[in-house]
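Breakdown of the fold
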Amino acid sequence: MHLLNALEGKTNQDDQQHQSQITRIIKNVTKIIEDYFGIVLDKNDFNYFRFKIHLKYYVLRKENNEEFMDGNIDELYDNMKNTYPDIYNCVYNIDQYLYKEFKKSCTSNELLYLMIHVTRLCTREDCNRKGITSA
């Protein structure tokens, strides 16, 4: 057992279960996005990597009962919600899924960051479909 895990009281089985949970959540959230927009996300894309890291830390925050706060973002959140209603609706579906997992809705900060990530992912895929960038 690794020293850090021993200090935290974690076993390898705990780590495997935790990693399995994160992997399952990323897979399910990815499927929500792909189904909503009718696209297949490039799992090797840098923006997808960033998205996976965001979800990993989201799960860690939920496990530690922590909230993500990044100042007063209400105006930016409302602007994104109104400017990109399809992105917001997709993220709303993600929030519903995450609520089932953690019994707690995302904060407006978390929703904003999810909207930003989903916008990046979908913009890239839309450009790929139109031949603007390479697949």
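Shown above is the structure to which this text applies.
Residues numbered from 1 in each chain as written. Predicted model: local features only at pLDDT ≥ 70, side-chain atom pairs only at ≥ 80, totals over all residues. Heavy atoms only, no water.

As a further point, take helix α5 (residues 85–102). With 18 residues, α5 ought to run about 26 Å at 1.5 Å a step, and its terminal C-alpha atoms sit 25 Å apart, in line with that. Phi turns positive, to about 60°, at Lys103, one or two residues after α5. (Helix = DSSP H or I, 4+ residues; strand = E, 2+ residues; numbered from the N terminus. Expected span 1.5 Å × (residues − 1).)

Ranked by internal contacts, the top residues of the largest apolar core, which has 32 residues, are Val29, Ile33, Phe51, Ile94, Leu98 and Val118. When residues of this core are traced back to their parent elements, those giving at least two are α2 (12–37), α3 (46–63), α4 (74–83), α5 and α6 (108–130). When residues of this core are assigned to their parent elements, the largest contribution, 8 residues, is made by α5. (Core = buried A, V, L, I, M, F, W, Y, C linked by side-chain atoms within 4.5 Å. Buried < 20%, exposed > 50% of the residue type's maximum accessible area, 1.4 Å probe, protein only.)

A separate point is unusual backbone geometry. Within the chain, Asn65 stands out as a residue other than glycine whose phi angle is a positive 55°. Tracing the chain through its elements places Asn65 in the loop between α3 and α4. For Lys103, which is not glycine, the phi torsion reads 60° and is therefore positive.

Turning next to the packing of aromatic side chains. Applying the stated criterion across every chain yields a total of 5 aromatic pairs. Judged by centre distance (5.8 Å) and plane angle (75°), the rings of Tyr58 and Phe102 are edge-to-face. Linking Tyr58 in helix α3 with Phe102 in helix α5, this pair joins segments that are 44 residues apart in sequence. For the pair Tyr58 and Phe102, one class covers both residues: buried. Where Tyr88 meets Tyr92, the ring centres are 6.5 Å apart and the plane angle is 40°; that geometry is what we call tilted. Here Tyr92 and Tyr88 lie together in helix α5, a separation of 4 residues that amounts to about one turn. Of the residues examined, Tyr92 reaches a relative accessible area of 41% and is grouped as partly exposed. The lysine or arginine in question, Lys43, covers the ring of Tyr48, its NZ or CZ lying 6.0 Å from the ring centre. (Phe/Tyr/Trp six-rings, centres within 6.5 Å; stacked < 30°, edge-to-face > 60°. Lys NZ or Arg CZ within 6 Å of the ring centre and 35° of its normal.)

This part covers the state of the cysteines. Enumeration according to the criterion identifies 0 disulfides in this entry. For Cys90, which is in no disulfide, the shortest distance to another cysteine sulfur is to Cys122 and amounts to 6.3 Å. With relative accessibility at 0%, the residue Cys90 sits in the buried group. (Disulfide = S-S within 2.5 Å.)

A cluster of nonpolar side chains, contributed by Phe46, Phe49, Ile53 and Tyr57, occupies part of the molecular surface with about 420 Å² of accessible area. Locating Phe49 in the fold gives a position in helix α3. (Patch = residues over 30% accessible without salt bridge, like charges linked within 9 Å, V, L, I, M, F, W, Y side chains within 5 Å. Areas by Shrake-Rupley, 256 points an atom, 1.4 Å probe, with all protein chains shown as cover. Salt bridge = Lys/Arg side-chain N within 4 Å of Asp/Glu carboxyl O.)

Quick look at the pattern of salt bridges now. Overall, the coordinates contain 5 salt bridges when judged by the stated rule. Where Arg24 meets Glu101, a salt bridge forms, and the shortest distance between an N and an O atom there is 2.7 Å. Taken together, the residues span a long stretch of sequence, with Arg24 in helix α2 and Glu101 in helix α5 at a distance of 77 residues. What makes Arg24 partly exposed here is its relative accessible area of 35%. Of the residues examined, Glu101 reaches a relative accessible area of 26% and is grouped as partly exposed. Lys43 serves as the salt-bridge partner of Glu34, at 2.7 Å between the closest nitrogen and oxygen. According to the relative accessible area criterion, Glu34 is buried, its value standing at 15%. Overall, the relative accessible area of 39% leaves Lys43 in the partly exposed class. Among the ionic contacts, a cluster of salt bridges with common partners joins Arg61, Lys62 and Glu110.

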